[in-house]
Amino acid sequence: MEKTAQNAFPEAYLDHSATTRVSSHVAQVVLEMMTENYGNPSSLHHRGVLAQQALERARRQIASALGAREEEIIFTSGGTEANNLAIQGLARARRRRGDGLVTSGMEHSSVLGAVHHMEEEGFRAVLLAPGPDGRIQPESVAAAVDEKTLLVSCMLVNNETGAVNPIGEISAAAKAKNPDVVIHCDAVQAFGKLPIDVRRLGVDLMTVSGHKIHAPKGVGALYVKKGVRLVPLVYGGSQERALRPGTENVPLACGFGAAAEDMLRGMAENTARFEALRRRLISGAEKIEGVCINSAPGGAPYIVNLSCPGIRSEIMLHFLEGRGIYVSSGSACSKGAKSHVLAAMGLGQERIDSALRVSFCRESTEEEVDRLLEGLAAGIAMLEKNRGRQR
Amino acid sequence: MRELILIKNGEIALKGLNRNSFEDKLIKNAKRSLAGCGQFKFYKAQSTIYCEPVEEGADMAGALERLQKVFGIAALCRAAVVEKDFEAIKATAAAYLKDTLRAARTFKVEAKRSDKSFAMASPEICRELGGYLLSQYPHLRVDVHRPDVTVTVEIRDFGAYLHTDQLPGAGGIPVGSGGKAMLLISGGIDSPVAGYMMAKRGLELEAVHFAAPPYTSERARLKVIRLCEKLLPYAVSVRLYVVGFTEIQVAIRQNCPEDLFTLIMRRQMMKIAERLAEENRCEALITGESVGQVASQTMQALAVTDIATRLPVLRPVIGMDKTEIIRIARQIDTFETSILPYEDCCTVFTPRHPKTKPRLGDILKAEERLDVAAQIDQAVREAEVIQLCADWPRQEEII
């Protein structure tokens, strides 16, 4: 159901950190796995073998995008499940060795939710705030880690601002303080778009997800470094090393594998495009009175957070929607909630209340950015005029 | 075995010469509400309406549940149809009521013999049937004062009917028998309840919702459609008008004093609702206002809102507390939808200190600076119309 106003404009979807369109290549892979290579990887016969081979290929594709070994990849239903498996699974596996969980206040709700749940089971949580650049500082992590700390969980790219956390330094600092500490990294917003090497980053657990990189919703993976033991969330068969029992979702895993490989292959080109689009957006925004950029320089080039102070995010979002331009207010996962990330960066209430997130994909165009800039300018002109005072 | 649903009229039975048309309205509404439960035929006799499936496999339990929401029905029950022969009645009773009687500890039998040609008198039927059921279900005891189950036998013109306790109906009078009114629906808790209450008094509902994009969102609009759908089991059909209100709100904002903003806005809403009402033969407006609930619902504020329209404004929740309104909203299942947190147009541009004791003179003076006749024309002309009916499929999926 499209409103007529929206039909008047071509669509400019600039909310790729919420989700992406499945690429036709990936859709083809998924369809083929559903309709042709449809076996159960656990079956002993030929159909089972073919499905298993396809699944293992997908596992290799994810592993090579992370610099991991294939046996270190566990497919899950998505980022949320992978984060829960990492945090709950690690905490329960090591509960005799300690009780400390260190994470940041800017994590995705699935990390914060899991940590909060573990607190109810008796674990101790420390939530770190980012610095003014929106990043978590290694020193603050080191200060929070003690001999009873089991896990440090920190995202690689922040979903709201695009800030890239120094995971390598965080890991080193944490392990210098307590060599037994396990490092978990939620890399959902980074995977496929920034080069990732789990060994170089020094992480033991890493969460990735399919639907942010043109694979379908409903698939993700957890990298589990060899030797790190987790307690599963559900019980059943021995699939995925018994960490994720149940017949494997072969079609989506294969789609995810193909999507990861595509992203890896196009990474240099994509990055150049993201950077050009970001430059265009930022320099264009600087020319519009009433727009300010919240993302600090040096962040992931495909996420730009900006504000039109005085105009609530939701109103500008719906104004842009009326012109066929789709952006996000804060993160799509916490609809309507105020951003704790921007608050931690020390931004004023007006900036926070008016924050919008623009996020690109490899198919985003300069024309879309220009239309967004026009939309922002038109929105400010109209909404400022209408405004006496809004609630 | 044949089964049917016996529907007992409520207040309609008291209507004199109009009774037939009330009953026909009720049957029409009941038929529409049974869409999807199978084919049913309706006939009436002795202030009872008979609702009988015409084919095997009709969803009797579903039909009973739907009919419980149809206004004009005082009580109803699912019954077995039996030949007017006492042996047949005995045999059917023992089998048909098996599950109920097994689960009960005490029971009694009631007989209603409206067909006086039936050989046994009511007390005799009770005695004989009671004795037979006791012999079949020896664990039972008779308790004529507070039985777990009352087995009722009705000997009527067309046949005999066996059933246990009857269910309460929704009461009220059939929708449409009192004319049509236009409900102003915001998306909050009160307006759907107000619509429900007036439907109960026989009014057919049309509804108008004011949308103010980009200040209000598509989800707010879908929420209102959802609320109207929730009213359908009671209201049978709702025609919803979604009126674009942004320009009018902006004009008020720019031309009128801030403290009068909400009141002037509500007066414009009344005027638009009146226009739509008159174009569609609605004879009244309905609002969910309750005295003193918010600044725009003080006695003085209501007075200046009321005077904006020539039509009577029905305010069925006017004297109710929020908790009472919420109780009804939960009962009709609109509450959870109403509290979804989407901005509605009433909360856009809310004044800091709204006037609670406005004077009409001030308002009229402020409105002199407001020239929104053209915008109102346009809003009415371009209103989106969404027709929702109990016997139609859902219009849109809600996120």
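Scoring rules and cut-offs
Residues numbered from 1 in each chain as written. Chains lettered and ligands numbered in written order. Predicted model: local features only at pLDDT ≥ 70, side-chain atom pairs only at ≥ 80, totals over all residues. Helix = DSSP H or I, 4+ residues; strand = E, 2+ residues; numbered from the N terminus. Rg over C-alpha atoms; globule rule 2.2 N^0.38 Å. Buried ≥ 20, exposed ≤ 12 C-beta atoms within 10 Å, placed from the backbone. Contact = placed C-beta atoms within 7 Å. Pairing = 2+ DSSP bridges. Axes fitted to C-alpha atoms, helices over the stretch in contact; angles between N-to-C directions. Domains from an automatic or database assignment. Nonpolar A, V, L, I, M, F, W, Y, C, P; charged D, E, K, R; others polar.

(A) Expanded view of the overall build of chain A. Looking only at helices and strands, chain A has 14 helices and twelve strands in total. Computed over C-alpha atoms, the radius of gyration of chain A comes to 22 Å, within 12% of the 21 Å expected from 2.2 N^0.38 for 391 residues, which places it in the range of a compact globule. Out of the 391 residues belonging to chain A, those deemed buried represent 53%. Long-range pairs, those at least 24 residues apart, make up 74% of the contacts in chain A between residues at least 6 apart in sequence.

(B) Seen up close, unusual backbone geometry. The omega torsion of the bond from Pro213 of chain B to Pro214 of chain B falls at 5°, within 30 degrees of zero and hence cis. Mapped onto the fold, Pro214 of chain B is located in the loop between strand E11 (204-211) and helix H7 (218-235). Phi is positive for His214 of chain A, which is not a glycine, with a value near 75°. Note that His214 of chain A resides in the loop between strand E7 (205-209) and strand E8 (220-224).

(C) Molecular detail of the sheet that holds strand E3 (residues 100-104) of chain A. All names here are of chain A. If you walk across this open sheet you meet the seven strands as E2-E8-E7-E6-E5-E3-E4, and the pairing is mixed. Every other strand in the sheet has two partners, leaving strand E2 (73-76) and strand E4 (124-128) as the edge strands with one partner each. Across the sheet, the mean angle from the axis of one strand to that of its neighbour is 20°, orientation sign disregarded. Looking at chain direction, E2 and E8 are connected through four bridges and run antiparallel. Paired with Phe75 across the two strands is Ala221, which belongs to E8.

(D) Spotlight on the domain arrangement of chain B. Residue and element names in this part refer to chain B. Assigned domains within chain B: domain 1 (2-170) and domain 2 (180-389). Once you take the C-alpha centre of each, domain 1 and domain 2 turn out to be 43 Å apart. On the side of domain 2, six residues touch domain 1, which itself brings seven residues to the contact. With three residues, helix H1 (residues 19-33) is the single largest residue contributor to the side of domain 1 that touches domain 2. For the side of domain 1 that touches domain 2, a count of residues per class yields two nonpolar, two polar and three charged.

(E) Summary view of the environment of His353 of chain B. With respect to the element layout, His353 of chain B can be found in the loop between helix H12 (335-338) and helix H13 (360-368). Between the alpha carbons of His353 of chain B and Asp259 of chain B there is a distance of 5.8 Å; along the sequence they are 94 residues apart.

(F) Seen up close, the pairing of E3 of chain A. All names here are of chain A. With five of five residues buried, E3 lies mostly within the body of the structure. Judged by which residues are buried, E3 turns out to be covered on both faces: Gly100, Val102 and Ser104 on one side and Leu101 and Thr103 on the other are all buried. One ladder, built from five bridges, connects E3 with E4; its direction is parallel. Looking at E4, one finds that Thr103 is bridged to Leu127.

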